[in-house]
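Understanding the architecture of this molecule
Residues per chain, in single letters:
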Amino acid sequence: MSATQERRVIQSSLARLWPSLLRSFKTPGIGELLSHSAPWEDVADDVAASWRDYASEYSEVENTLAARYHATQLVFPQDFSAGTHISRVLYFIVRARKPQTVLETGVANGHMTVVLLAALSRNEGGELHSTDVRPDVGCLLSPSERRSWNYHLLPPAHVRTSFTAVLKRLPTVDLFFHDSQHGYGWQSFEYEAVSRHMSPDGVIASDDVDSSYAFLDFCATHKREPRLVFDGNKTAGVAPASSPTVDRDLDAAVTITRHTPRGSTTSSAGSPN
Ligand SMILES: C[S@@+](CC[C@H](N)C(=O)[O-])C[C@H]1O[C@@H](n2cnc3c(N)ncnc32)[C@H](O)[C@@H]1O
């Protein structure tokens, strides 16, 4: 190939990649976020229908968390924690929908982990799987919560393949909450990978949807209406998932069952410490 031809190939590749590259560096403006925003009570139909039934038990969870924040030497900064609104939204969604498999990415001190485990415990069924790249996560969890929890440590050098491997071993996911790495590429990867492995009426939720266009783009591609909730200095989003139950991209040899009883999962369950 001559130098001129090489230059043309590079120029045309750049012209093709440039729009998506630019997109990955942009963040949604406040007007765009506001156009999808809702009060936390209305951010999901399940919440609107059920939050009054579960409000008093949720206050107990808030009190428990407040006491643990007071008594615990935090490993991660407190402002890593999921916000007040998205925490109660997910608690009420879990109580109302009774999901069998909940997946969260990004544990840090474990604020949302405590909330999700409390809701599942009240449901007396369903399991939580969490991923993080650090072994020292979850300092807010009690010993008994740790025993009912499935933690998957992702080696940072192979984070993408190990996340996919975890997903392969899970039953179909009924509720997903993203709160890990908030760059466009990683957020998009998680939303897409999990959506291919979700029950048809599964819900995708995400913290930090203002960090990149990933959540809004995902919702547009999958024709889902994003509903956003402003949470202090963060913006979280909820969208029902649209994808079919069948997992097209993951290994077809893996049998995906709707529910694996607690403790019999093939995943790397257990405490990170
Ligand atoms: C914002 S904090 C999570 C806060 C947590 N959800 C809570 O409510 O307390 C982000 C966490 O994501 C983890 N993390 C970073 N990259 C990750 C990745 N690719 N996959 C999973 N976790 C990741 C960090 O180690 C950190 O613990």
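Residues numbered from 1 in each chain as written. Predicted model: local features only at pLDDT ≥ 70, side-chain atom pairs only at ≥ 80, totals over all residues.

Moving on to the site of the ligand. Near the ligand lie 23 residues; those nearest to it are Ala82, Gly106, Ala108, His111 and Ser180. Elements that contribute at least two residues to the shell around the ligand include exactly α5 (111-123) and β2 (127-132). In terms of residue class, the shell around the ligand is built from 11 nonpolar, 9 polar and 3 charged. (Near = placed C-beta within 6 Å. Helix = DSSP H or I, 4+ residues; strand = E, 2+ residues; numbered from the N terminus. Nonpolar A, V, L, I, M, F, W, Y, C, P; charged D, E, K, R; others polar.)

Ordered in space as β3-β2-β1-β4-β5-β7-β6, the 7 strands form an open sheet in which the pairing is mixed. The strands lining the two open edges of the sheet, one partner per strand, are β3 (149-153) and β6 (227-231). Averaged over all adjacent pairs, the angle separating strand axes in this sheet is 15°, with direction ignored. Where strand β1 (residues 101-105) and strand β4 (residues 173-178) come together, 4 bridges link them in parallel fashion. (Pairing = 2+ DSSP bridges. Axes fitted to C-alpha atoms, helices over the stretch in contact; angles between N-to-C directions.)

On to helix α7 (residues 159-169), then. For α7, every residue scored as buried is listed here: Phe163, Val166 and Leu167. The buried residues of α7 occupy an angular sector of 100° when the element is viewed end-on, so they sit on one face. Structurally, α7 contributes buried residues whose contacts are with β2, β3 and α8 (184-195). (Buried ≥ 20, exposed ≤ 12 C-beta atoms within 10 Å, placed from the backbone. Arc of directions from axis to C-beta. Contact = placed C-beta atoms within 7 Å.)

The next thing to look at is the pairing of β3. Here β3 lies mainly inside the structure; 4 of its 5 residues are buried. Here β2 pairs with β3 via 5 bridges, running parallel. Paired with leucine 128 across the two strands is tryptophan 149, which belongs to β3.

Looking at the element boundaries, tyrosine 191 is found in helix α8. By C-beta crowding, tyrosine 191 is classed as buried, having 23 other C-beta atoms within 10 Å. Discounting chain neighbours no more than four positions away, the residues touching tyrosine 191 are His178, Ile204, Ala214, Phe215 and Phe218.

Moving on, we come to the confidence of the model for the protein. With 88% of its residues at a pLDDT of 70 or more, the protein shows a mean pLDDT of 87. The model gives residues 243-273 a pLDDT under 50, and that stretch makes 50 contacts with residues more than four places away or in other chains. (pLDDT = per-residue confidence, 0-100.)

Moving on, we get to unusual backbone geometry. If a residue is not glycine, its phi is most likely negative; likewise, a peptide bond is most likely trans. One non-glycine residue, lysine 98, lies in positive phi territory at about 50°. Here lysine 98 is to be found in the loop between α4 (84-97) and β1.

Moving on, we come to the pairing of strand β5 (residues 198-206). With 5 bridges connecting them, β4 and β5 associate as parallel partners. Within β5, the position partnered with leucine 175 by the bridge is valine 203. Following the chain from β4 across α8 to the adjacent parallel β5, one finds a crossover that is right-handed. Pairing geometry for β5 and strand β7 (residues 234-240), over 4 bridges, is antiparallel. Paired with valine 203 across the strands is proline 240, a residue of β7. (Right-handed = clockwise from strand over helix to strand, strands pointing away.)

We now examine the packing of α7 against α8. Between α7 and α8, the least distance of the axes is 11 Å, while the angle of their chain directions is 20°. Judged by the angle between their axes, α7 and α8 are roughly parallel. Where α7 crosses over α8, the two elements pack in a sense that is right-handed. Residues Arg160, Phe163, Thr164 and Leu167 of α7 form the contact with α8, whose own contacting residues are Phe189, Ala193 and Val194. Across the contact of α7 with α8, the residue classes tally to 5 nonpolar, 1 polar and 1 charged. (Parallel < 35°, antiparallel > 145°, perpendicular 65-115°, else oblique. Left-handed = near helix turned anticlockwise from the far one by under 90°.)

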